[in-house]
Amino acid sequence: MEDKIVEKKEAEKRPDPVDRISVTRHRAKLGKHTLAYTVTCGTLVMREEAEKEGKSEGEKARAKVFFIAYTLDDTPDRAARPVTFSFNGGPGSSSVWLHLGVLGPRRVELDAEGYASAPPGRLVPNEHTLLDTSDLVFIDPVGTGYSRMVEGEKVKEYHDYKRDLESVGEFIRLYCSRYNRWASPKYLIGESYGTTRASGLAGHLLERYGMYLNGVMLVSCALDFQLLRFDPSNDLPCVLFLPTYAATAWYHKRLPADLQRKPLRKLLDEVEAFAAGEYASALFLGARLPAKDRKALVQKVARYTGLTPGYVERTDLRIEIFRFCKELLRGEGRTVGRLDTRYTGFDRDAAGEEFEFDPAMVEILGAYSAAMNDYVRSDLKFEADAPYEVIKALYVDWGWKDFANRYATVGETLRKAMAMNPRMRVLVASGYFDLATPHFAADYSLDHLGIPESLRKNIAVSYYEAGHMMYAHKPSLEKLARELRRFVEG
């Protein structure tokens, strides 16, 4: 009891947190034209109604959310100009990837294939920025970037599917009110778990605030977690990951000569038909699969994945993602990436079951981290001694109370939002070398939304010969930027 009294007195002494905002003005020469824009960067204090014994005690500061907003200068009608809210995934990632990878006026310098130069990373002008089409607001959810709970508040409370939606949704509402954007066309763009969040927000913003979105952009789509979890008796991931295994084996030249000669898309057409047909039917039979059919199937799976028939047999025809990343190039002592299987790495133990690290993540993490930390202080004039959390493993203890004892899925939320707001459009972007959110799993999610044909025309899908962060690959960056611009322009 005494501890609680002391804690209450200490809380009463704490100063009320305030917004910390830095405003800077910039010009960027992008190709043949120059953009003049303003950057508003800092933290907004999120407040919630506090209650005690059923009685209101007024609003209480709970968290400080860091954001970076770009607005184009000399815009004659601000209300008519779209505004796009962007965030990444994890859960536990800051918004740095979409920000400095494709959307912002500056991007991290990588070579054409997506490899960073010697450290530290640096920024270059981004001629593909979406800023010429839409104002941009990058949001770091609580616990990422510089976003923190206020002193005395428990951060774990916000690390939950529903509470995350509420906090990000409240930030969007507050930003639109503070900066007079309620009259603007509004878009969301999320990547990975950010697509889970964006789909949930499409429903939450509509039902909680009456905020109708014009569009939602889903980069590396994760709507139904059953499709991504390799659990016993759940054969869907085995089917839906197989085309990405084939694409990876094709890229690393591990397929038979006749398959290796095929263009990637033609190969995937063949593998997807096999996966959805003969392979899925065989897995459905389980132990009832005849021995002769099983033997033939082992050979086909090995042929399409670049693995040996003996290995496929030992996996019981069900190849788990991390085993594949370790096994495909085991003979060379190399592993392939999860986020992007084009990248390779090596482990101390070449006989292990899983890789020690994701080669795709470590290739670009350092460049993005160095560039972001320098950019915020040097260019945007926002200073903080706390570390900028580029990515933290919040997903390990993430809360899923709304999906207790079942797989998390937001497809139904997206479906309902589209039904209630039939003018809302959806763009899905998938990489062929992405094993975190495979393209065939994203296609399956969209095919099972349960929406009528009249709404299916609101969904556009594009594919890229790259991975999870497809914009790391220069040709895919150019294509994705065109698709995003066309989408926002309507």
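Quick caveat: nothing in here was measured; it's all calculated off a predicted structure. Along each chain, the written sequence defines residue order, and numbers are assigned to residues from 1. Predicted model: local features are reported for residues with pLDDT of at least 70 only, side-chain atom pairs are reported and counted for 80 or more only, and whole-chain, interface and lining totals are derived from all residues. Hydrogen atoms and water are omitted, and side-chain values are computed over all heavy atoms in the structure.

Trainee: Is there a simple way to think about the packing of aromatic side chains in this case?
Mentor: How two aromatic rings sit relative to each other is given by the distance of their centres and the angle of their planes. Pairing of aromatic side chains here covers Phe, Tyr and the six-membered ring of Trp, requires ring centres within 6.5 Å, and sorts the geometry by plane angle: under 30 degrees stacked, over 60 edge-to-face, intermediate tilted. Under the definition given, this model contains 29 aromatic pairs. Seen from their ring centres, Tyr37 and Tyr70 are 5.8 Å apart, and the 50° between their planes marks the pair as tilted. With Tyr37 in strand β2 (residues 33-52) and Tyr70 in strand β3 (residues 55-72), this pair connects stretches of sequence that are 33 residues apart. The exposure class assigned to Tyr37 is buried, which follows from its relative accessible area of 3%. In this scheme, a residue with accessible area under 20% of its type's maximum is buried, one over 50% is exposed, and one in between is partly exposed, where area comes from a 1.4 Å probe on protein chains only. Taking the relative accessible area as the measure of exposure, Tyr70 reaches 1% and is therefore buried. Relative to Tyr368, the ring of Trp97 has its centre 4.7 Å away and its plane inclined at 40°; by these criteria the two rings are tilted. Highlighted residues: Trp97 in helix α2 (residues 96-103) and Tyr368 in helix α11 (residues 359-378), separated in sequence by 271 residues. Among the residues examined, Trp97 registers a relative accessible area of 2% and is labelled buried. Accessibility expressed as a relative area gives 1% for Tyr368, which makes it buried. Under the DSSP-based scheme used, a helix requires at least four consecutive residues in state H or I and a strand at least two consecutive residues in state E, with every element numbered from the N terminus.

Trainee: Where do I start with the environment of Val271 in this structure?
Mentor: Looking at where Val271 falls in the secondary structure, it is placed in helix α7 (residues 264-285). We classify Val271 as buried; its relative accessible area is 0%. Along the primary structure Val271 and Arg485 are separated by 214 residues, whereas in three dimensions their C-alpha atoms are 32 Å apart. By definition in these notes, contact holds between two residues if any of their heavy atoms fall within 4.5 Å. In this structure, Val271 is in contact with Leu242, Pro243, Ala246 and Tyr304, ignoring residues within four places of it in sequence.

Trainee: When you look at unusual backbone geometry in this model, what are you seeing that I'm missing?
Mentor: Excluding glycine, a negative phi dihedral is what most residues carry, and trans is how most peptide bonds are arranged. Omega for the bond connecting Gly90 with Pro91 falls within 30 degrees of zero, at -5°, which places this linkage in the cis form. Structurally, Pro91 is set in the loop between β4 (83-87) and α2. Cis rather than trans, the peptide bond between Pro119 and Pro120 has omega equal to 0°. Here Pro120 shows up in the loop between β5 (106-108) and β6 (123-125). In this structure, Asp74 takes a positive phi of about 55° despite not being glycine. Mapping Asp74 onto the fold places it in the loop between β3 and β4. Residue class for Asp74 comes out exposed when judged on its relative accessible area of 76%. Despite not being glycine, Ser233 shows a phi value in the positive range, around 75°. Inspection of the secondary structure assignment puts Ser233 in the loop between β10 (215-221) and α5 (236-251).

This is a description of form; function is not addressed.
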